[in-house]
Amino acid sequence: YISSDGLRSRRNYDSTATIYKLHPHNGSRTDWSHSSGDREYTLPLITDDTVYVGGSSGTLYAVDKTTAEAAWTSATTGEIGSLGFANGIVYATSGETVSAFNADNGDERWKHPLGRSIGTPPTITDDTVYVGAGRTVHAIDIDTNTTEWSRSLESGIYSPSIANGTLYVGTRSG
């Protein structure tokens, strides 16, 4: 994966994973890279000054976008599947749990177990985070860490998306 500003996450199953910054127009490498010891990373989540990645060890990393130095790390409940960001909060899916972390310092705000493995990245609005776990879409209140609602569908959930106040959810069949 190469983002619009040239950050790339490389998966290397025989050693440690590394994030590289490449020039998006010609693919040349810069002197920017970061390795942590994890064998695999999620896709990078990039904000104005920080790159966030989740590791196979269950560690969430915040890396300075300019220096490639680690700003902070936080532990989750297991291997991180995907990340989301809104309003200064990083959301991480890990096994059967969604966790919310303060983007500035990595302090965990809450974690919300769902009882099934989460198969989608989090989709976030001002007050709700949506995830799919198995055949069920869950809406979690960001402020109270409570389930607003859950809806089971005919088959496995693809990533929820929101547009113009409407939530769209794809399923594997049906």
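Note that the structure is predicted; figures quoted are calculated from it, not measured.

Criteria and thresholds
Residues numbered from 1 in each chain as written. Predicted model: local features only at pLDDT ≥ 70, side-chain atom pairs only at ≥ 80, totals over all residues. Heavy atoms only, no water. Helix = DSSP H or I, 4+ residues; strand = E, 2+ residues; numbered from the N terminus. Buried < 20%, exposed > 50% of the residue type's maximum accessible area, 1.4 Å probe, protein only. Polar contact = N/O pair within 3.5 Å; in protein donor to acceptor, adjacent residues only side chain to side chain. Contact = heavy atoms within 4.5 Å. pLDDT = per-residue confidence, 0-100. Pairing = 2+ DSSP bridges. Axes fitted to C-alpha atoms, helices over the stretch in contact; angles between N-to-C directions.

J.: How should I be thinking about the side chain of His138 in this particular structure?
T.: Positionally, His138 belongs in strand E14 (residues 136–141). Assessed through its relative accessible area of 9%, His138 is described here as buried. Only 2.9 Å separates the side chain of His138 from the side chain of Ser150, close enough to count as a polar contact. In contact with His138, not counting residues within four places along its chain, are Leu114, Val129, Tyr130, Val131, Ala133, Trp149 and Ser150.

J.: Can you walk me through the confidence of the model for the protein chain in this structure?
T.: One rule of thumb: low pLDDT means the predicted coordinates there are not for detailed reading. Taken as a whole, the protein chain shows an average pLDDT of 87; of its residues, 91% reach a score of 70 or greater. Counting contacts from residues 8–14, a segment whose pLDDT is below 50, to residues more than four positions away or on other chains yields 22 contacts.

J.: What am I meant to see in unusual backbone geometry here?
T.: A negative phi angle characterises most non-glycine residues, just as the trans form characterises most peptide bonds. In this model, Asn87 sits at a positive phi of 50 degrees, which is unusual for a non-glycine residue. With respect to the helices, strands and loops of the structure, Asn87 is situated in the loop between strand E8 (80–86) and strand E9 (89–94). By relative accessible area, Asn87 is classed as exposed at 61%.

J.: Help me out: how do you make sense of the sheet that holds E8 in this one?
T.: An order of E8-E9-E10-E11 is seen for the four strands of this open sheet, with the pairing classed as antiparallel. One side of each edge strand has no neighbouring strand; the edge strands of this open sheet are E8 and strand E11 (108–113). Strand-to-strand, the axes of this sheet are offset by a mean angle of 15 degrees, without reference to chain direction. Across five bridges, strand E10 (residues 97–102) lies against E11 in antiparallel orientation. Bridging across to E11, Ala100 finds its partner in Trp110.

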